[in-house]
Structures are given as C-alpha cells and as structure tokens.
Amino acid sequence: MGNLIAFINSFLSYLLVFAVSIAVIAAAVFAGIQLRRRKDARDAEQSGAGKENAQAEGNV
C-alpha cells in the first residue's frame, strides 16, 4: 500500500511539472506571436509611409 501511495505521489508530482512546463511554453508562444504581429504592423506602416512619400514626390 505504501508503494502505491509513493507511486501516485511521484506521478502527480511529474504531472504538475509537466503542466507548469506546458503553461510556460504556451505563454512564450503567445508572447512571440503578439510581438511578431506588432513588428509586422510597424514594418507595414513604415513601408506604407515610404511608398506614399515616394509617390508624392513622383519617384515611383
């Protein structure tokens, strides 16, 4: 009986470590996606402004 309790205790401990690892990975993926979208939007805005200035000057 004691061995079963020790096994269940170890199993739940590893399950908790796994759940925390998944949570950290999910947070990192979410943050990376958000940062990339923000960078892409900023780059699109800057390239759009550059094209508008070039068209206004007649360089395109």
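It should be noted that the structure appears before, not after, this text.
As a starting point, this report considers the structure included with it. Residue numbers here run from 1 along each chain, matching the order of that chain's written sequence. Per-residue local features of the predicted model are confined to residues with pLDDT of at least 70, and side-chain atom pairs are confined, for both listing and counting, to 80 or more; whole-chain, interface and lining totals are unaffected and use all residues. To obtain the side-chain values, all non-hydrogen atoms of the structure were used and water was disregarded.

Remarks on the overall build of the chain
Consideration 1: Along the chain, the regular secondary structure elements total one helix and zero strands.
Consideration 2: Only protein chains enter the calculation, and the probe is 1.4 Å; a residue is then buried if its accessible area is under 20% of its type maximum, exposed if over 50%, and partly exposed in between. Per-residue burial over the chain gives 0% buried out of 60 residues.
Consideration 3: The Shrake-Rupley method, run with a 1.4 Å probe, gives the accessible areas here. Residue values count only the displayed protein chains as cover. Total accessible area on the chain is roughly 5500 Å²; 66% of this is exposed by carbon and sulfur atoms. By definition, any uninterrupted DSSP run of H or I lasting at least four residues is a helix, any uninterrupted run of E lasting at least two residues is a strand, and each is numbered from the N terminus.

Topic: the packing of aromatic side chains
Consideration 1: Aromatic pairs are defined between Phe, Tyr and Trp rings, using the six-membered ring for Trp, whenever the two ring centres lie within 6.5 Å; interplanar angles under 30 degrees are classed as stacked, those over 60 as edge-to-face, and all others as tilted. This structure, assessed with the given rule, holds one aromatic pair.
Consideration 2: Here Phe-7 and Phe-11 contribute two aromatic rings whose centre-to-centre distance is 6.4 Å and whose plane-to-plane angle is 25 degrees, an arrangement assigned as stacked. Of this pair, Phe-7 and Phe-11 are both found in helix 1 (residues 2–57), four residues apart, which corresponds to roughly one turn of the helix.
Consideration 3: Since its relative accessible area comes to 56%, Phe-7 is described here as exposed.

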